[in-house]
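# Examination of the molecular architecture
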Amino acid sequence: MSLIQAKKYIAELRKKNAETGEIDFGKTLCPSGGELRLDNTKNENYSFRGSLTFNKSIDKGQEHVVSAAVIGELSSSRYSGFKITKRGYLPERGLIFDKIESMTDGNLYTKYNEWLLTDAARGQLKDNLTNLVGLIGTATYSYRNAYIFNVNARIDFSNKFGDASNDRLLPIWSVSGRWNMHENVLRNISWIDMLALKMSFGYQGNMSAQDSPRLIIKKGGTDNDFKEYSSTIDRYPNPNLKWEKTSTYNVDVDFSLFNNKINGTVGYYYRYTTDAFLSKKVSVVNGIDTYTVNSGNLKNQGYELTLNFVPINTMTTVNGKRRGLVWRFDPNFGSVFNQLIDKIKHKDQVLQDEVTFEDYLNGRVQISGRPVNTFYSYRYKGLNSKNGAPMFYGTEATTIVDGEEKDTSEIYEAMDREDVWMTVMEHSGCREPFLQGSISNYLGWKNWGLSFNLSYSIGSKIRLFRLYPNQGVVNGPEQNLRRELVNRWRRPGDELNTNVPGILSGRDHLDAVFPWWDGETYDFSRTLWDMYDFSNLRVASGNYLKLSSISLRYIVPESFCEKLRVKSLYLNLSGTNLFTLCSRKLKGQDPSQSGSTDLINISVRPTYSLQLNVTF
């Protein structure tokens, strides 16, 4: 956190009156001084690994080769620590904490006293132990170095899983094969240096680090009502939780052509995850409101293409002098498709037991048939011609049904709340791209070398930074405003030329902060300002092409290095994030930045460096 951000943070905690400059005793969370956060963690890790290997040719011509290995692993990890936040910190007065008289008459720091009772203020101790035991076996058979078959197996044990032995132990295995076609059927083709087909299939597992087969109680202090020590449930026992299992299929082709001028790999993979961890809603009488179960299925597939071109390579070294020219060109492509699957629910049905409209907006909702990180947005309609307030489809006070005007609230009351949300929202896309990669280039001439890397991403959607984090309230002079507000609505007719709402006051402002659906069971937003920031108007394409790095290097000749009595010497000038080609709608916002924050951020800035490297 920068100094400016820290001052702004403390100012927000202080809660001073904008007119008088005095602290509001009932609302302040830090009456004096600053805030000190301590978070000490101690890690202890132990591991043991032992292996036995076997390698033998089973014939005199060494055409048949067999190898095997057995590996045992044992590890234990324990971390403990203490975390606490203290306020009233005065570092400039000898690293002391101010004495805050919070219980005197007329000086009751209500919110501050409530904060003192939180876990952050009272401090938290943490202690976690994880034990793992693994046994690995591998066997490989090779025939004439053309056909290679491999089998791998692994069994893991963890104290994090259920009491049932079949859940504590997870067998993981895989089989793979490789056919080096250049060793036999393609041996006489001169322009093929190497061509190999690889295939594999296997199972792997994953365990949840947050769950335990035992009940974990969090012991607290004295309860004010019962005058007894109190405890809360931190983790509910989950003895039936099983491993999350993933089956993986891979097909790859490795090749090297034209005297190694063109090299690369083309691959396809398919992954299917069963017993995926999902959070289910349970009754609070259990002491918790969510519980982890093995209920989800996830399908993930993609394509990968890695290429390496060397069109020119005449570089040689003669008597310590570099001569010639080299050009290397390396494009990489990766395409990913993932889809949540439920065997019972149809496409576009929510898999979670309990969701909120915020889950739809933030991409946390899990929907059958949709990719992970799919998000939704409100449907922007335009600006009100009378006051410049934003309007959205589905939020009209009345709706025409079969030629008859009805109150929209009555219609929504008869609908399921998720159906109401889908009435006012629309599918915006996925935060994850389906195609991404990079293109690397290197040009070398004599002692000079120029390299640069272009990265790209295609298929994602992102939100613009929030324009109204303060619910439409005009910021004070100590806070920045976005430049977009210069083009805001000011008078009737401006709605034809701008989509930036105007500054509302009086009844118009109250209607925007407390809309007619506020507090209803089908509530689909907090305010109109939130709807504007999370509307389809504020969604942009995440596609980009970025010059992520560039470097120019000069290597000093060996003869000159000998005169300076050094082994080597080079000078390097480099830069990162020099430019980005992306949607004009972003207006300086980097495609990697999300619009969920209410801070005014700048885009990712370029960096430059000059380096002199000397080796003696």
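See the structure printed just above.
### What to know about the overall build of the protein chain
Scanning the protein chain from N- to C-terminus turns up ten helices and 28 strands. Here the protein chain has a C-alpha radius of gyration of 32 Å; the compact-globule value for 616 residues is 25 Å, and the former is much larger. Buried positions account for 33% of the 616 residues belonging to the protein chain. Expressed as a percentage of contacts within the protein chain between residues at least 6 apart in sequence, the contacts between residues at least 24 apart total 65%. Accessible surface, the protein chain as shown: approximately 37100 Å² in total, 54% of it carbon and sulfur. In the protein chain, 75 positive and 67 negative side-chain charges are present, and the distance between their average locations comes to 11 Å.

### Considerations on the packing of aromatic side chains
For the structure on display, the rule yields 29 aromatic pairs. Taken together, a centroid distance of 6.0 Å and an interplanar angle of 70° make the contact between Tyr 380 and Phe 392 edge-to-face. One end of the pair, Tyr 380, is in strand E17 (residues 380–383); the other, Phe 392, is in strand E18 (residues 390–392), and twelve residues separate them in sequence. Judged by its relative accessible area of 1%, Phe 392 is buried. In textbook terms, an aromatic cluster arises when at least three aromatic residues are bridged by ring pairs, as seen for Trp 173, Phe 201, Tyr 203, Tyr 249 and Tyr 270. Over the ring of Phe 97 we find Lys 86, and its NZ or CZ is 5.9 Å from the ring centre.

### Side note on a negative patch on the surface
Side chains of Glu 405, Asp 407, Glu 410 and Glu 413 sit close together on the surface and give a patch of like negative charge. For the negative patch, the secondary structure elements donating two or more residues are strand E20 (404–407) and helix H6 (408–413). Within the secondary structure layout, Glu 405 lies in strand E20.

### Side note on the side chain of Asp 330
Structurally, the position occupied by Asp 330 is in strand E15 (residues 325–341). Here the side chain of Asp 330 touches Asn 308 through a polar contact of 2.4 Å, side chain to side chain. When near neighbours in sequence (up to four residues on either side) are disregarded, Asp 330 contacts Leu 307, Asn 308, Phe 309, Ser 438, Ile 439 and Ser 440.

### Focus on unusual backbone geometry
In this structure, Arg 144 takes a positive phi of about 55° despite not being glycine. Within the secondary structure, Arg 144 is located in the loop between strand E4 (124–143) and strand E5 (147–158). Even without being a glycine, Arg 565 presents a positive backbone phi close to 60°. Along the chain, Arg 565 turns up in the loop between helix H10 (558–564) and strand E27 (568–582).

### Some words on helix H7 (residues 417–424)
Of all the residues in H7, the buried ones are Val 420, Trp 421 and Val 424. With its buried residues spanning 100° around the axis, H7 presents them on a single face. Elements in contact with the buried residues of H7: helix H5 (357–362), strand E16 (374–378), H6 and strand E21 (425–430). The distance from a side-chain oxygen at the start of H7 to the backbone nitrogen of Glu 418 is 3.0 Å, and the residue carrying that oxygen is Asp 416.

### Quick notes on helix H8 (residues 506–513)
Of the positions making up H8, those classed as buried are His 509, Ala 512 and Val 513. Around the axis of H8, the buried residues are gathered within 95° of arc, so they sit on the same side. Here the buried face of H8 lies against helix H9 (528–533).

### Here's the deal with the side chain of Arg 14
Structurally, Arg 14 is set in helix H1 (residues 3–14). Although Arg 14 lies buried, it forms no salt bridge, and the closest oppositely charged side chain, Asp 98, sits 8.2 Å away as judged by the N-O distance. Not counting chain neighbours up to four residues away, the residues in contact with Arg 14 comprise Ile 23, Thr 28, Cys 30, Pro 31, Ser 32 and Gly 33.

About the cut-offs
- Residues numbered from 1 in each chain as written.
- Predicted model: local features only at pLDDT ≥ 70, side-chain atom pairs only at ≥ 80, totals over all residues.
- Heavy atoms only, no water.
- Helix = DSSP H or I, 4+ residues; strand = E, 2+ residues; numbered from the N terminus.
- Rg over C-alpha atoms; globule rule 2.2 N^0.38 Å.
- Buried < 20%, exposed > 50% of the residue type's maximum accessible area, 1.4 Å probe, protein only.
- Contact = heavy atoms within 4.5 Å.
- Areas by Shrake-Rupley, 256 points an atom, 1.4 Å probe, with all protein chains shown as cover.
- Lys, Arg positive; Asp, Glu negative; His and termini not counted.
- Charge placed at Lys NZ, Arg CZ, Asp CG, Glu CD.
- Phe/Tyr/Trp six-rings, centres within 6.5 Å; stacked < 30°, edge-to-face > 60°.
- Lys NZ or Arg CZ within 6 Å of the ring centre and 35° of its normal.
- Patch = residues over 30% accessible without salt bridge, like charges linked within 9 Å, V, L, I, M, F, W, Y side chains within 5 Å.
- Salt bridge = Lys/Arg side-chain N within 4 Å of Asp/Glu carboxyl O.
- Polar contact = N/O pair within 3.5 Å; in protein donor to acceptor, adjacent residues only side chain to side chain.
- Arc of directions from axis to C-beta.

Purely spatial values, then, with no claim about function.
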